[in-house]
Amino acid sequence: MIDSAPDAGAAPADASVTLLIADDDAVTRSGLCLLLAAQPGITVVGEAADGVEAVERARLLRPDVVLMDVRMPRRNGIEATRHLLAEQAEQAEQAEQAEQAAPPKVVVITTFENDDYVTAALSAGASGFVLKRLPVPQIAEAVRVVAAGDAILFPSALRRMVAARPLGSADALPAAALTGREEEVLRLMATGLSNPEIAEALTVSLETVKTHVGNVLTKLGAQNRTHAVVIAYESGLVVPGFTG
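Note that residues are indexed from 1 along each chain, following the sequence as it is written. Residue-level local features of this predicted model are given only where pLDDT is at least 70; pairs of side-chain atoms are given and counted only at 80 or more, and the full residue set underlies all totals for whole chains, interfaces and linings. No hydrogens and no water enter the side-chain calculation; it runs on all heavy atoms of the structure.

Novice: How would you sum up the sheet that holds strand E5 (residues 128-131)? Please name residues and give values.
Specialist: Pairing between strands is defined by DSSP: at least two bridges between the two strands are required. Numbered from the N terminus, helices here are DSSP runs of H or I no shorter than four residues, and strands are runs of E no shorter than two. Pairing is parallel across the open sheet formed by five strands, whose spatial order is E2-E1-E3-E4-E5. Strand pairing shows two members of the sheet lacking a second neighbour, strand E2 (42-48) and E5, which therefore form its edges. Taken pair by pair, the neighbouring strands of this sheet meet at an average axis angle of 25°, ignoring direction. Here, two residues are considered to be in contact whenever any of their heavy atoms come within 4.5 Å of each other. For helices, the fitted line uses only the C-alpha atoms of the stretch in contact; every axis is such a line through C-alpha atoms, and the angle between N-to-C directions lies from 0 to 180 degrees. Contacts from helix H1 (residues 26-37) reach strand E1 (17-22), E2, strand E3 (65-69) and strand E4 (105-110) within the one sheet, and its direction differs from that of E2 by about 165°.

Structure (structure tokens):
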């Protein structure tokens, strides 16, 4: 989740990002379409009024990102996200052309600041979570960041979320066989640092950081960067209040 501008290293504003907006409120949906289409580097290719339509439209239009409301009829945004990503991942595997059939990234958007929504969104495979009260340029930047392959992290929300639940087994991370440097990178990811900021902190190249991050995601079986950070908190590698 994000309540301030994303970290440095976000996608450039002139990058081309196609966007589908799903929201059951016609006024809100129209407003988001109009305002986000006016943002640099974003092309709104379609809209949907409920979760079922969101999946159908995403299947047809293949946007880079879906901005998905939570509370919608027929199928809510969390279930729509889970269905969309699972369906398209299966199609990619069957076609053996994952690079052509890759599912869109999903940014969940809602009026309600609810930690249960964050948990559910991450479990469904969403790459970010934003609030409708944010200024439009910040929502647009969140879309660009996610389209570029990163995730929207809001460390205080993650700390609050995992603090409310029992920690998982401390054996989880050792079982993943992370190297010392990979654990260090994961700790820095948990503070919300971007890849360039991690590279600066560790005095290594950006490509080296990207390699470490990729290894971390693979070894943890994490769906995305945010999911890896949740695992770090739940395993006890990082505790609420950790600042790096």
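Novice: Which residues make up the pattern of salt bridges, and what values go with them?
Specialist: Only one rule defines a salt bridge in this text: a Lys or Arg side-chain nitrogen within 4 Å of an Asp or Glu carboxyl oxygen. Summed over the entire model, instances satisfying the criterion amount to nine salt bridges. Two residues, Asp-23 and Lys-132, come together in a salt bridge whose shortest N-O distance is 2.7 Å. With Asp-23 in the loop between E1 and H1 and Lys-132 in the loop between E5 and helix H6 (136-147), this pair connects stretches of sequence that are 109 residues apart. Using a relative accessible area of 25% as the deciding quantity, one classes Lys-132 as partly exposed. Residue Arg-144 pairs with Glu-141 through a salt bridge whose shortest N-O separation is 2.8 Å. Here the residue Arg-144 and the residue Glu-141 both occupy positions in helix H6, the gap between them amounting to three residues, near one helical turn. Think of it in three bands: with a 1.4 Å probe and only protein chains considered, a residue is buried below 20% of the maximum accessible area for its type, exposed above 50%, and partly exposed in between. Among the residues examined, Glu-141 registers a relative accessible area of 18% and is labelled buried. Among the charged side chains, a salt-bridge network with shared partners connects Asp-23, Asp-69 and Lys-132.

Novice: A description of the environment of Gly-41 should follow, citing residues and the corresponding values.
Specialist: Relative to the elements of secondary structure, Gly-41 occurs in the loop between H1 and E2. By relative accessible area, which is 26% here, Gly-41 ends up partly exposed. Along the chain, Gly-41 and Arg-144 lie 103 residues apart, while their C-alpha atoms are 8.2 Å from each other.

Novice: Residue-level account of the confidence of the model for the chain, with values.
Specialist: When pLDDT drops low, the exact placement of atoms in the prediction is not to be read closely. The predictor reports its confidence for every residue as pLDDT, a score running from 0 up to 100. Taken residue by residue, the chain gives an average pLDDT of 78. The fraction at 70 or more is 73%. Looking over the chain, one finds the lowest element-wise mean pLDDT in helix H4 (residues 98-101), namely 50, and the highest in E1, namely 96. Every residue in residues 1-13 is under pLDDT 50, and counting partners more than four places away or in other chains gives 42 contacts. Counted against residues more than four places away or in other chains, residues 165-171, with its pLDDT under 50, gives 10 contacts.

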